[in-house]
Amino acid sequence: MAQFDYRIDEQTEYNLGDTPSLVILTERNYLMFQGTGEAQLANPEFKDAAAAMYAFAAGIKEQARHSKLIDWFRDYVPYPLSVYRTPHGAYTMLIKQPNFTVPELLTAAQAAAGPLTAAARQVAYRRTEEGVEVQLLQKGPVTEASSVFTTLTDFMQGHGMTRAQDGYRTVYLDNILTTPADQVRTLVRIPVTVRDPDAGDYEIARN
């Protein structure tokens, strides 16, 4: 069976276009880390957590390849890191995991990693849903003054959508630890409420 690559197989969900689109994401498996403070690499906790998330995502893949805990395995490209920021100084990191994975694979990946940082010990395996969000790609650092937010706000108003939460999500399509900041491609997502998603003239990803 061919390798699963979200960049190819889920192109609409990880839309690289220059116009906003909608994602409707139901309950899935995730690695999760919940932190406080600046959601930036200058924050040591954030940086340690990001490193742990990337390492455990890769580790789960290797553990799954040979595990007797799961019924089947398909080779795959690990999903990207996302960070949901609130206005109150809290953030949640997520990395989606394939449906065939199980929590015990994280335990095995943590054991194989050796001594863990405090942040790494707090990484958990959870089922959750991201919900309904509008999204748009930006290259380079994202700040609250970035024009991407104006574009998304105009899109929401033009399609009768309302903001569902005060925070926003950044989905990093490049590794933020190894890619120069001005080269990182980021999907900015804002949670929304929309009465009839199918009534609009925009792309929709459902997963």
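Now for a description of the structure that goes with this document. (Residues numbered from 1 in each chain as written. Predicted model: local features only at pLDDT ≥ 70, side-chain atom pairs only at ≥ 80, totals over all residues. Heavy atoms only, no water.)

**Remarks on the pattern of salt bridges**
Selection criterion: Put simply, a salt bridge is a Lys or Arg side-chain nitrogen that is within 4 Å of an Asp or Glu carboxyl oxygen. In this description a helix means any DSSP run of H or I spanning at least four residues, a strand means any run of E spanning at least two, and both kinds are numbered starting from the N terminus. Here's how the labels work: a residue is buried when its accessible area is under 20% of the maximum for its type, exposed when over 50%, partly exposed in between, all with a 1.4 Å probe on protein chains only.
With the rule as written, the count across this model stands at 11 salt bridges. Arg169 serves as the salt-bridge partner of Glu133, at 2.9 Å between the closest nitrogen and oxygen. You can see Glu133 sitting in strand β6 (residues 131-139) and its partner Arg169 sitting in strand β8 (residues 168-172), a full 36 residues away along the chain. The same class applies to Glu133 and to Arg169, which are both buried.

**Things to note about the packing of aromatic side chains**
Heads up, the rule is: Think of it this way: a Phe, Tyr or Trp ring, Trp meaning its six-membered ring, pairs with another when their centres are within 6.5 Å, and the plane angle makes it stacked under 30 degrees, edge-to-face over 60, tilted otherwise.
Inspection of every chain in the model, using the stated rule, returns 12 aromatic pairs. For the ring pair Tyr6 and Tyr79, a centre distance of 5.4 Å and an interplane angle of 25 degrees mean the geometry is stacked. You can see Tyr6 sitting in helix α1 (residues 6-9) and its partner Tyr79 sitting in the loop between α2 (44-66) and β3 (81-85), a full 73 residues away along the chain. In this structure, Tyr6 and Tyr79 share a single accessibility class: buried. Seen in terms of ring centroids, Phe155 and Tyr202 are 5.5 Å apart; in terms of plane orientation they differ by 70 degrees. Their pairing is edge-to-face. Of this pair, Phe155 sits in helix α5 (residues 147-158) while Tyr202 sits in the loop between β9 (185-193) and β10 (204-206), placing them 47 residues apart in sequence. Comparing Phe155 with Tyr202 shows no difference in burial state: the two are buried. Through a chain of ring-to-ring contacts, the aromatic side chains of Phe4, Tyr6, Tyr14 and Tyr79 assemble into a single cluster.

**Description of α2**
What counts is decided by this rule: Under the convention used throughout, the expected extent of a helix is 1.5 Å for every residue step, that is, one less than its residue count. Residue contacts follow a heavy-atom distance rule, with two residues in contact if any of their heavy atoms lie within 4.5 Å. Any pair of nitrogen or oxygen atoms within 3.5 Å is treated as a polar contact; in protein, a donor-acceptor pairing is required on top of that, and neighbouring residues in sequence qualify only through side-chain atoms on both sides.
For α2, built from 23 residues, the straight-helix expectation of 33 Å at 1.5 Å per residue is met to within 8% by its first-to-last C-alpha distance of 34 Å. Buried residues of α2: Phe46, Ala49, Ala50, Ala52, Met53, Tyr54, Phe56, Ala57, Gly59, Ile60, Lys61 and Ala64, and no others. Buried positions along α2 lie against β2 (28-36), β3, β4 (90-97), α3 (103-113) and α4 (118-121). Its side-chain oxygen placed 3.1 Å from the backbone nitrogen of Glu45, Asn43 serves as the N-cap of α2.

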